[in-house]
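Each chain is listed here by its residues.
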Amino acid sequence: MSFLPRLGSPTMYLNTVDKAEAFINQTPDFKVNTVTDFCKPGETFPPSSGVIGVWASAYLAYKKFLESDKDVLIIFEDDIVISNNFETIANMYMSELMPIWDFFSFFVPDDSLFAYSEPEHDLGEEHISKSYQQWSCAGYAVSRRGAEKTVADVESRGINCPVDWYIFNFRIKKEENQIKFNTFTIKPQVYRPIKFLLEAAQYSQIHNGSTELLSKHP
């Protein structure tokens, strides 16, 4: 990835409740909502300190990106391998994007491929489509427009779901006036320039992370 300049934004390892609460208290613009039954009955958002850590890292990166003179921010998460031709592939895919794009995912996990519907998602482009995945921020691009919308929403209404659900406009529990992004990704049959490393991240870890559960905090 040497062709990409580094943003220099911190990664927030909020692996305990105390760390998560400290970040929230020290960052008053970063608002966190408590959502009951957000995924299933009895489950509360945020389910763990790690979910807040991922959000905090993205939020700080978006803000720092907006302070720069760059037009696109690329973020990688999880245990992944990047193809040697990533730069060429990324440029080719992103050349098909509409000017209105907010987010673009270079990767779709295997368990989301089934959700693609040509009548609903096809744009008439060779490689890209409207997004159809529910999760995974393994590798995605953010436009200045997308970052501005997200920062403004987080600082006004606050987070109320995991960051990938947020980016891909997915909710199990719908909220009133849910913000919607112009999010695009690659078609199911298209080459993916990102792969999960071994068995490290083959399915959503929203409820199975190793970080401390907020609900168990006294």
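Residues numbered from 1 in each chain as written. Predicted model: local features only at pLDDT ≥ 70, side-chain atom pairs only at ≥ 80, totals over all residues. Heavy atoms only, no water.

**Side note on the packing of aromatic side chains**
So, point 1. Considering all chains together, one arrives at 16 aromatic pairs under this definition.
So, point 2. Measuring from centroid to centroid gives 4.8 Å for Phe107 and Phe196, while their planes differ by 65 degrees, and the two rings are edge-to-face. Of this pair, Phe107 sits in the loop between β5 (103-105) and α4 (118-121) while Phe196 is found in strand β9 (residues 194-196), placing the two residues 89 residues apart along the sequence. For the pair shown, Phe107 and Phe196 are each scored as buried.
So, point 3. Pairwise contacts between aromatic rings join Trp55, Tyr62, Phe103, Tyr140, Tyr166 and Phe181 into one cluster.
So, point 4. Cation over ring: Arg144 sits above Phe65, and NZ or CZ is 5.4 Å from the ring centre. (Phe/Tyr/Trp six-rings, centres within 6.5 Å; stacked < 30°, edge-to-face > 60°. Helix = DSSP H or I, 4+ residues; strand = E, 2+ residues; numbered from the N terminus. Buried < 20%, exposed > 50% of the residue type's maximum accessible area, 1.4 Å probe, protein only. Lys NZ or Arg CZ within 6 Å of the ring centre and 35° of its normal.)

**A word on the pairing of strand β7 (residues 139-143)**
So, point 1. For β7, the buried fraction is high: five of the five residues fall into the buried class.
So, point 2. Summarising the sheet, β5 and β7 pair through three bridges and their orientation is antiparallel. Paired with Phe104 across the bridge in β7 is Ala141. (Pairing = 2+ DSSP bridges.)

**Points about the nonpolar core**
So, point 1. Grouped together as the largest cluster of nonpolar side chains are 59 residues, with contacts concentrated most on Phe30, Tyr62, Phe104, Phe106, Tyr140 and Ile167.
So, point 2. Sort the elements by how many residues they give to this core and helix α2 (residues 49-67) lands first, with nine residues.
So, point 3. Those residues in contact with Tyr140 that sit more than four places away from it in its chain are Ala58, Tyr62, Leu73, Ile74, Ile75, Glu77, Phe103, Phe104, Ser105, Phe106 and Ile167. (Core = buried A, V, L, I, M, F, W, Y, C linked by side-chain atoms within 4.5 Å. Contact = heavy atoms within 4.5 Å.)

**A few points about the pattern of salt bridges**
So, point 1. Using the criterion set out here, one finds seven salt bridges in the structure.
So, point 2. Residue Lys63 is joined to Glu155 by a salt bridge in which the shortest nitrogen-to-oxygen separation is 3.1 Å. Taken as a pair, Lys63 in helix α2 and Glu155 in helix α5 (residues 144-156) lie far apart in primary sequence, 92 residues in all.
So, point 3. For Lys63, a relative accessible area of 29% translates into the label partly exposed.
So, point 4. Glu155 sits in the partly exposed class, given a relative accessible area of 23%.
So, point 5. In this structure, the salt-bridge partner of Asp153 is Arg157, at a minimum N-O distance of 2.9 Å. (Salt bridge = Lys/Arg side-chain N within 4 Å of Asp/Glu carboxyl O.)

**So, the side chain of Asp102**
So, point 1. Take Asp102: it is sitting in the loop between α3 (86-94) and β5.
So, point 2. Within the structure, Asp102 has its side chain in polar contact with the side chain of Lys149 (distance 2.8 Å).
So, point 3. Those residues in contact with Asp102 that lie beyond four places of it in its chain are Ala141, Val142, Ser143, Arg145, Gly146, Lys149, Phe181 and Asn182. (Polar contact = N/O pair within 3.5 Å; in protein donor to acceptor, adjacent residues only side chain to side chain.)

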